[in-house]
Amino acid sequence: MKPIVVLGSGLAGYTLVRELRKLNHDIPIILVTRDSGDYYSKPTLSNAFAQKKEAASLVLTAAKDIAEQQKFTLLANTEVHAIHREARQLDTAAGAIGYEKLVLAIGADPIRIPLQGDAAGDVLSVNDLSDYTHLRDELGKAKTVAIMGGGLIGCEFANDLALAGYKVTVIDPGPYPIAGLLPEQAGRQLLAPLKNLGVSWHFGTAAQRVDASGAGYTLTLSDQSTVSADIVLSAVGLRPRIQLAKNAGLTVNRGIAVDEQLQSSDHAIFALGDCAEINGQTLPYVLPIMHAARALAKTLAGEDAKVVFPHMPVVVKTPAHPIAVLPVPRDAAGNWKVLAEGQGIRMGFFNPQNEMVGFALTGEYAKERSEMTARCAA
Amino acid sequence: MKVWQCVVCGFIYNEAEGLPSEGIAPGTAWADIPADWACPDCGVAKSDFEMVEI
């Protein structure tokens, strides 16, 4: 029997293996990963610094222990070069591997915006544990940090690094923090609490140049102002890794296109997690990955299952002003309404039938996440 | 000592300490936490916690 081969050892790959083993102990599984395969929680990378956590301490389970517990063959530090769909075979650094079913759980790359300047190549981004190690090393010599991007990850890093004593500047072309997920009145709640921690905000402008200046850098922004910093961190979003699938002739859009069974345009190949675009949507958050992994595990174990997403609130880890949001699609019909305002804000998004279908909770209201989720219309 | 750990983010629930910030009193048994409770750090379900001995 040819194995199920899983590419990737992030939350998506490992959750799938764990869920599949709950349903079936015997299917042979091979997991191929280009890093060590040690399991760590990616969401903690943007809030681990203030807790003085070293990279090694973020590892929850060593790869060989997971492989032993879940009974699979681990191929760590192994690049995959190509998928040969006709032969159902992978071309890898460890030789050819045949598969019965293939699961692509290969994640996403940080988006790098084009920059001019002699130090554009020094801009850091943090997308995995080795990036985090590198950031920690650099922070050891630094006092000031410029963060490009004021979205969820940018704001989490801003809070974490400001809490650790760094002077942080956030630069974002949008009008207010986390504009991709939050309505304006909710996003603006973050301004003062982070400012009180020493964060400077620059909205409506973007970095154009990064030049070396002394031991640090000077950023030149599109409004011609300048920002000095010892470290420049980019957190402007993720781009699904599609090249391997594209080269194999699979349908790709923004991500690897899959249906509600996580099946790609090849019925033996599935995609999951940050690399996947499920019915046109990319959902690079913990809860959608858990739900999709569970549904795919069922399908791979032989019962056809479709992924059904319940309401999945996103938690923003900004302890200076906690936030929970049930985002609505950009083009959703309806309106945001303010429901309460105190040390933070409670907002609901109401559809034309006046049913609540989304919410944004900040500050003292963030802890109402479960009740608000229960109140939302199905 | 037995505690419950979130398999996603490593958050630990300790019965003796409870989670007063989430309205769970010290001494609350794991079994008595509602099934719809979610990890305060990453939001995954109670069923995604596993018992570990530390």
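Residues numbered from 1 in each chain as written. Chains lettered and ligands numbered in written order. Predicted model: local features only at pLDDT ≥ 70, side-chain atom pairs only at ≥ 80, totals over all residues. Heavy atoms only, no water.

A.B. asks: An account of the overall build of chain A is needed here, citing residue identities and associated values.
C.D. replies: Helix and strand counts for chain A come out as nine helices and 26 strands. Here the C-alpha radius of gyration of chain A, 22 Å, is about what a compact globule of 378 residues would show, namely 21 Å. Considering only C-alpha atoms, chain A reaches an extent of 60 × 55 × 35 Å along its principal axes. Looking at chain A residue by residue over its 378 residues, the buried ones come to 53%. In chain A, once contacts between residues fewer than 6 apart in sequence are set aside, the share between residues at least 24 apart is 58%. With an accessible surface of roughly 16600 Å², chain A has 48% of that area assigned to carbon and sulfur atoms. Seen as two clouds, the 35 positive and the 38 negative side-chain charges of chain A have centres 3 Å apart. (Helix = DSSP H or I, 4+ residues; strand = E, 2+ residues; numbered from the N terminus. Rg over C-alpha atoms; globule rule 2.2 N^0.38 Å. Buried < 20%, exposed > 50% of the residue type's maximum accessible area, 1.4 Å probe, protein only. Contact = heavy atoms within 4.5 Å. Areas by Shrake-Rupley, 256 points an atom, 1.4 Å probe, with all protein chains shown as cover. Lys, Arg positive; Asp, Glu negative; His and termini not counted. Charge placed at Lys NZ, Arg CZ, Asp CG, Glu CD.)

A.B. asks: Tell me about the packing of helix α1 (residues 11-23) of chain A against helix α8 (residues 286-300) of chain A, and name the residues and values.
C.D. replies: Residues and elements named next belong to chain A. With their axes 8 Å apart at the nearest point, α1 and α8 run at an angle of 40 degrees to one another. On the basis of their axis angle, the class for α1 and α8 is oblique. Crossing of α1 over α8 shows right-handed handedness. Counting all contacts with α1, which are made through Leu11, Ala12, Thr15, Leu16, Arg18, Glu19, Leu20 and Leu23, the residues of α8 involved are Val286, Ile289, Met290, Ala293, Arg294, Leu296, Ala297, Lys298 and Leu300. (Axes fitted to C-alpha atoms, helices over the stretch in contact; angles between N-to-C directions. Parallel < 35°, antiparallel > 145°, perpendicular 65-115°, else oblique. Left-handed = near helix turned anticlockwise from the far one by under 90°.)

A.B. asks: Break down α8(A) for me, with residues and values.
C.D. replies: Residue and element names in this part refer to chain A. If you check α8, its first and last C-alpha atoms are 21 Å apart, about what 15 residues at 1.5 Å a residue would give, namely 21 Å. Among the structural elements, β1 (4-7), α1, β9 (101-104), β20 (269-271) and β21 (276-278) are those in contact with the buried residues of α8. Residue glycine 302 follows α8 closely and has a positive phi angle near 110 degrees. (Expected span 1.5 Å × (residues − 1).)

A.B. asks: Go over the interface of chain B and chain A with me, naming the residues and quoting the values.
C.D. replies: In this complex, chain B contributes 15 residues to the contact, which on the side of chain A involves 14 residues. For the pair chain B and chain A, the summed buried surface comes to about 1100 Å²; carbon and sulfur atoms form 53% of the total. Of all residues in chain B, Val7(B), Val8(B) and Asp48(B) give up the largest surface area on contact with chain A, accounting jointly for 37% of the area buried on that side. Taken together, the connections running from chain B to chain A amount to one salt bridge. (Buried area = accessible area lost by both parts, 1.4 Å probe. Salt bridge = Lys/Arg side-chain N within 4 Å of Asp/Glu carboxyl O.)

A.B. asks: Report on the domain arrangement of chain A, specifying residues and quantitative values.
C.D. replies: Where interface size is quoted, it is often the accessible area lost as the parts come together. Taken domain by domain, chain A consists of domain 1 (4-43 + 60-109 + 239-300), domain 2 (112-234) and domain 3 (322-375). On a C-alpha basis, the centres of domain 1 of chain A and domain 3 of chain A stand 33 Å from each other. (Domains from an automatic or database assignment.)

A.B. asks: I'd love a proper account of the side chain of Gln189(A), names of residues and values included.
C.D. replies: Residues and elements named next belong to chain A. Examined against the element boundaries, glutamine 189 turns out to sit in the loop between α5 (184-187) and α6 (191-196). For glutamine 189, a relative accessible area of 18% puts it in the buried group. In this structure the side chain of glutamine 189 is engaged in a polar contact, spanning 3.2 Å, whose partner is the backbone oxygen of glutamine 185. If we skip the residues at most four places from it in the chain, glutamine 189 touches His321, Glu341, Gly344, Ile345 and Thr362. (Polar contact = N/O pair within 3.5 Å; in protein donor to acceptor, adjacent residues only side chain to side chain.)

A.B. asks: Can you lay out the side chain of Thr33(A) for me, pointing to particular residues and giving the numbers?
C.D. replies: Residue and element names in this part refer to chain A. Summarising the element assignment, threonine 33 is placed in the loop between β2 (29-32) and β3 (39-40). In terms of polar contacts, threonine 33 uses its side chain to reach the side chain of serine 9, at 2.8 Å. Not counting the four nearest positions on each side in its chain, threonine 33 is found in contact with Ser9, Leu74, Leu75, Ala76, Asn77 and Thr78.

A.B. asks: How would you explain the packing of aromatic side chains if you had to name every residue and give the values?
C.D. replies: The description of two aromatic rings rests on the distance between their centres and on the angle between their planes. Under the defined criterion, the tally for this structure stands at eleven aromatic pairs over all chains. Consider the rings of Trp30(B) and Trp37(B), whose centres lie 5.8 Å apart with planes at 85 degrees: the pair is edge-to-face. Trp30(B) gets classed as buried once you look at its relative accessible area, which sits at 10%. Here Trp37(B) falls in the buried class, since its relative accessible area comes to 8%. Relative to Phe49(B), the ring of Trp30(B) has its centre 5.1 Å away and its plane inclined at 40 degrees; by these criteria the two rings are tilted. Of this pair, Trp30(B) sits in the loop between β2 (12-13) and β3 (49-53) while Phe49(B) sits in strand β3; the two residues are 19 residues apart in sequence, bridging distant segments of the chain. For the pair shown, Trp30(B) and Phe49(B) are each scored as buried. Taken together, Trp4(B), Tyr13(B), Trp30(B), Trp37(B) and Phe49(B) form an aromatic cluster joined through their ring pairs. Sitting over the face of the ring of Phe350(A), Lys337(A) holds its NZ or CZ atom 4.8 Å from the ring centroid. (Phe/Tyr/Trp six-rings, centres within 6.5 Å; stacked < 30°, edge-to-face > 60°. Lys NZ or Arg CZ within 6 Å of the ring centre and 35° of its normal.)

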